[in-house]
Amino acid sequence: MWLILLLIIAVWVIFAVKDIRLKWISKPTFNYFKCALPELSDTEKEAMKAGDTWWDASLFSGKPDWNMWLKSGKPRLSDEEQAFVNNELSELMAMLDETDITARGDLSKETWQFLREKGFFSMIIPKSFGGKEFSAQANSVIVSTIATRSLSAAVTVMVPNSLGPAELLLHFGTQAQQEQWLPKLASGEVLPCFALTSLHAGSDAGGITDHATVCRQEFEGQEVLGLKVTWSKRYITLAPVADVLGLAFKVYDPDKLLDEQVERGITCALIPTSHKGVTQGGRHDPMGLAFMNGTTSGKDVFIPLDWVIGGESGVGKGWRMLVSCLSAGRGISLPALSAGTAQLCAKSTSAYSQLRYQFKQPIGQFEGVQSAAARIYGLTYSIEAARENTALAVDLKKKPSVITAIAKYHLTEQARMVINDAMDIHGGKAIQKGPLNYLANHYAGMPISITVEGANILTRNLMIFGQGASRCHPFILQEMEAAQMADPEQGLKVFDKLLVEHIAHSGKNAVKALLNGLTVGRFVRSPVSGDVARYYQKLTWYSQVLSSLSDIAMLKLGGKLKYREMQSARLGDMLSHLYLASCALKKYEDDGHQCGDLPLLHVAMSYHLSSYSRAMKSFVDNFLPRGFRSIAKRIFFPFGTRAQEMSDEQVKALCASVYENHTTRLRISALCPSQKMLGLEKLESALSLSKKVTSAYHDFLRWQKKQGVKLYDKSVTEQLGEACEAGVISEGDKQLLAEWLQLCDEALSVDVSSAS
């Protein structure tokens, strides 16, 4: 007892007496920290500074503020935005036929003109420049809706409203540049593209070999200071048809015409594609889809300095511009494509599985099909929740780089799971292309979303936790800055104060995680009561565990953590599923906690909690020495994580809710209209009659079985007539069944290729 008391007193003295603490704790830790800090490239430093944190920081802290989260706002459209959706967007949807678009290899001329005239390319441009000035939520809803019908059209609309000339001009352009270009972009007179990726530089923008030299040259009759640019870019969406090219390249000033700095860094400029020397090269074929994607190049193309975004002061600031604007692509556009694809799958699968009969019953009644279908519905609900709330962050003027990276990676991966399940359930119908097939082009296009804005492997392994650990942690970024201060003495003083707060923070989280492990989180406060309160308790508990494990990882590995991609990815998965689960909970509250949505929430939460649990166990098993693995699990989860995969009961409840509750089905397919989409229209027509004929049809099937071989050579119409005469079904039922069976035949049919 006395030994323990003396130990406590010794620890207290060491930390309480500043001189002792500085000598024995802070200074050694400070020196270790300086050595352990990763050597950051210029692009990494810019990425670290870009953007800000939001709900991700609260989750990472171990003490999520649920009241703040639930009160952060409901995703909604303004009256003007809703009118655009009801009118212009509805009119566009009626014009889109993906089968025709892919066969032609392009949108129709009428569609291109409609997109220009109605402002689909100007959603992010302020009204003062002739644009729509729509919210991120409206931008996301519009792209999602288009994506349910045509990925080619969705990508075409997405790009001008994402990372590109308009976005960069709004944030970094000079007034003259904004006045010159934004009205033309808003009216559709000028179509933009943005070129970053080249042969040897994709995700690593610092590896760009496209370059420019500062020089003087005659331009429009005068000698001006400018850049001689050489580039060769690929995978550039809209490049084949663009009127203005946004271009990223490195600038060098060997003659020191600007100042004494020779290597000026990545720079962005706007160049008319009609400018001498600009080559709009060959067109790519992205998985057979028809959106314009291709190459652009130029050699020693001279441009004046005022073509650089931001003018002369923008030289060398291109990477900062790009990373600060990435939220549009990662947080709005790609989640929107994922939501559109998922909602199409949910709507079509929920209808098809009720209309397609095998062994005398709808395939939706088979438990194997239900397992896949429930995954579709639950993940679609989760995708929509994350889409809404990530766009909400942008509308709140946040630039949450970690959250948008989470949304990009996980929503595209979940959409890939959803469409794979939908293809499996649809079977042969899913692989025969034609107007009746509503899945094939989306299946082919799914890998495109996986590769855009950084391939998913990069996003998961380097970006989510790589940025999240430093950006979201309450102290790490400040400690890094203290360690890099020019005055070591001042740096040590700042570091000492932060270290004390950091240790106190980590200690509290570790103790809370231990106590919640012993009580399985039962005493954690929840902002709500009832069926979902338990989820809030678990997420708070899991947040504390993530915070503790992250501190252990950073303490042990320091700067080497960024090279341990498998480990940082697992910690990133833990943070990601906390965010995605919290989005699902918020959507449930925002929508008024509808009883019919509870099965959707249960399946979504089971997926995220079990995914968190797998990531945590995998991290511990691969990071800690063998003897400490079971100890760590027993400390944080002495009775297990209490997270399970979706249960059979949840699967059956969700499928029943979707099949029997129109509101639930609508909730997971609200952005997917069926009008003017042949395959979906036929499904919906047949489904609308299903409930009226189900009882009579089952009576008819039982009668068929009893009749056996007597009916083998008789048509369905003749069989219905005999069943009616036998009193098995009524005359009214006979008429309805005949109509319904005809509609089912049309809905379940597949197209025949005209190719010889």
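Here is what the cut-offs are and how they apply
- Residues numbered from 1 in each chain as written.
- Predicted model: local features only at pLDDT ≥ 70, side-chain atom pairs only at ≥ 80, totals over all residues.
- Heavy atoms only, no water.
- UniProt positions renumbered as here; feature names shortened; annotations may be inferred.
- Helix = DSSP H or I, 4+ residues; strand = E, 2+ residues; numbered from the N terminus.
- Rg over C-alpha atoms; globule rule 2.2 N^0.38 Å.
- Buried < 20%, exposed > 50% of the residue type's maximum accessible area, 1.4 Å probe, protein only.
- Contact = heavy atoms within 4.5 Å.
- Areas by Shrake-Rupley, 256 points an atom, 1.4 Å probe, with all protein chains shown as cover.
- Lys, Arg positive; Asp, Glu negative; His and termini not counted.
- Charge placed at Lys NZ, Arg CZ, Asp CG, Glu CD.
- Patch = residues over 30% accessible without salt bridge, like charges linked within 9 Å, V, L, I, M, F, W, Y side chains within 5 Å.
- Salt bridge = Lys/Arg side-chain N within 4 Å of Asp/Glu carboxyl O.
- Pairing = 2+ DSSP bridges.
- Core = buried A, V, L, I, M, F, W, Y, C linked by side-chain atoms within 4.5 Å.
- Domains from an automatic or database assignment.
- 1 Å grid on protein atoms, 1.4 Å probe; cavity = no way out; pocket = protein on both sides within 12 Å on 5 of 7 lines; lining within 4 Å.
- Points joined across faces, edges and corners; volume = space filled by probe spheres on them.
- Phe/Tyr/Trp six-rings, centres within 6.5 Å; stacked < 30°, edge-to-face > 60°.
- Lys NZ or Arg CZ within 6 Å of the ring centre and 35° of its normal.
- Buried area = accessible area lost by both parts, 1.4 Å probe.

You'll find the chain entered in an unreviewed UniProt entry as Acyl-coenzyme A dehydrogenase, with Pseudoalteromonas luteoviolacea CPMOR-1 given as the organism. On record in UniProt, under Sequence similarities (unreviewed entry), the comment for the chain is "Belongs to the acyl-CoA dehydrogenase family." Regarding the chain, the UniProt comment filed under Cofactor (unreviewed entry) reads as follows: "FAD".

A.B. asks: Is there a simple way to explain the overall build of the chain in this structure?
C.D. replies: Assigned secondary structure in the chain consists of 29 helices and nine strands. Relative to the compact-globule value of 27 Å for 756 residues, the chain shows a C-alpha radius of gyration of 29 Å, a close match. Taken along its principal axes, the extent of the C-alpha atoms in the chain is 100 × 90 × 45 Å. With 756 residues in all, the chain has 56% of them scored as buried. A sequence separation of at least 24 residues applies to 77% of the contacts in the chain between residues at least 6 apart. Summed over its atoms, the accessible surface of the chain is roughly 32,600 Å², and 54% of this surface lies on carbon and sulfur atoms. Of the charged side chains in the chain, 81 are positive and 78 negative, and the gap between their average positions amounts to 8 Å.

A.B. asks: Help me out: how do you make sense of a nonpolar patch on the surface in this one?
C.D. replies: Taken together, the side chains of V511, L514, L515, L518, F628, I631, I635 and F639 present a nonpolar region at the surface, about 730 Å² in accessible area. Every element with two or more residues in the nonpolar patch is listed here: α20 (488-518) and α24 (626-636). The element that contributes the greatest number of residues to the nonpolar patch is α20, accounting for four residues. Counting through the fold element by element, V511 comes out in helix α20.

A.B. asks: So what exactly am I meant to see when it comes to helix α28 (residues 716-725) here?
C.D. replies: Within an α-helix, residues lying three or four positions from one another point in the same direction, as the helix has 3.6 residues per turn. Buried within α28 are the following residues: Q719, L720, G721, A723 and C724. Looking at the packing, one finds that the buried side of α28 touches α27 (678-707) and α29 (731-748). Once α28 finishes, G727 follows within two positions and takes phi at roughly 80 degrees, a positive value.

A.B. asks: Honestly, the environment of T174 in this entry has me stumped. Any pointers?
C.D. replies: If you trace the backbone, T174 turns up in the loop between α11 (165-172) and α12 (175-187). Other than its neighbours up to four places away in sequence, T174 contacts G310 and G311.

A.B. asks: Teacher, can you tell me more about the pairing of strand β1 (residues 192-195) here?
C.D. replies: On a regular strand, each side chain points to the face opposite its neighbour's, so the side chains alternate between the two faces of the sheet. With burial as the criterion, each face of β1 is covered, one bearing P192 and F194 and the other bearing C193 and A195. As paired elements, β1 and strand β4 (residues 244-252) share four bridges and run parallel to each other. In the strand pairing of β4, A195 is matched with L247.

A.B. asks: Would you explain the nonpolar core in this entry?
C.D. replies: The tendency in soluble globular proteins is for nonpolar side chains to be buried side by side. Judged by nonpolar contacts, the single largest core of 122 residues is most densely connected at Y377 and W740. With 14 residues, helix α23 (residues 598-623) is the largest single contributor of residues to this core. Among the domains, domain 3 (327-453) and domain 4 (679-748) are the pair contributing at least three residues each to this core. Contacts of Y377, omitting those with residues within four sequence positions, involve A346, T349, S350, S353, L600, L654, C655, V658, Y659 and I668. In this structure, L92, M93, L289 and V315 belong to the second largest nonpolar core, which totals 68 residues.

A.B. asks: Quick question: what am I supposed to make of the layout of surface pockets here?
C.D. replies: To find the voids left in a structure, one rolls a probe of water-molecule size over its atoms. Estimated volume of the second largest pocket: approximately 660 Å³. For the second largest pocket, the lining is made up of 30 residues, of which L77, Q82, V141, A670 and L671 are closest to its centre. Elements with a minimum of two residues in the lining of the second largest pocket: α6 (79-95), α9 (136-149), α15 (367-395), α22 (565-590) and α26 (662-667). At seven residues, the largest contribution of residues to the lining of the second largest pocket is made by α6. Among the domains, domain 1 (79-187) and domain 3 (327-453) are the pair contributing at least three residues each to the lining of the second largest pocket.

A.B. asks: Would you take a moment to explain the packing of aromatic side chains for this structure?
C.D. replies: Between two aromatic rings, the relevant description is the distance of the centres plus the angle of the planes. Applying the stated rule across the entire model yields 24 aromatic pairs. When the ring of F84 is compared with that of F120, the centres are 4.9 Å apart and the planes differ by 55 degrees; the resulting orientation is tilted. Taken as a pair, F84 in helix α6 and F120 in the loop between α8 (109-117) and α9 lie far apart in primary sequence, 36 residues in all. Through pairs of rings, three or more aromatic residues link up here, namely W54, W55, W66, W69, Y536 and Y579. If you follow K184 out to its NZ or CZ, it ends over the ring of W181, 5.7 Å from the centre. The side chain of K586 reaches across the aromatic face of W69, ending 5.8 Å from its centre.

A.B. asks: Quick question: what am I supposed to make of the UniProt feature "domain: Acyl-CoA dehydrogenase/oxidase N-terminal" (unreviewed entry) in the chain here?
C.D. replies: Per the UniProt record, "domain: Acyl-CoA dehydrogenase/oxidase N-terminal" (unreviewed entry) is found at residues 79-189. Span residues 79-189 is 68% helix and 0% strand, its end C-alpha atoms 27 Å apart.

A.B. asks: I'm lost on the domain arrangement of the chain in this one. Help?
C.D. replies: One widely used convention gives an interface's size as the accessible area the parts lose upon coming together. You can read the domains of the chain as domain 1 (79-187), domain 2 (192-315), domain 3 (327-453) and domain 4 (679-748). The partner domain 3 presents five residues to the four residues of domain 2 that form the contact. Contact between domain 2 and domain 3 buries roughly 340 Å² in total, counting both sides, with carbon and sulfur atoms accounting for 84%. On the domain 2 side of the contact with domain 3, M287, L289 and F291 bury the most area, a combined 94% of that side's loss. Scanning the region where domain 2 abuts domain 3 turns up zero salt bridges.

A.B. asks: Honestly, unusual backbone geometry in this entry has me stumped. Any pointers?
C.D. replies: It is generally the case that most residues other than glycine have a negative phi and that most peptide bonds are trans. Although it is not a glycine, Y235 adopts a positive phi angle of roughly 65 degrees. Its place among the elements puts Y235 in strand β3 (residues 222-237). Residues other than glycine seldom take positive phi values, yet D300 does so here, at roughly 55 degrees. Along the chain, D300 falls in strand β7 (residues 293-304).

A.B. asks: Would you mind showing me how to read the side chain of S61 here?
C.D. replies: With respect to the helices and strands, the residue S61 is situated in the loop between α4 (55-60) and α5 (66-70). We classify S61 as buried; its relative accessible area is 8%. In contact with S61, other than residues within four places in its own chain, are P474, H505, N509 and S547.

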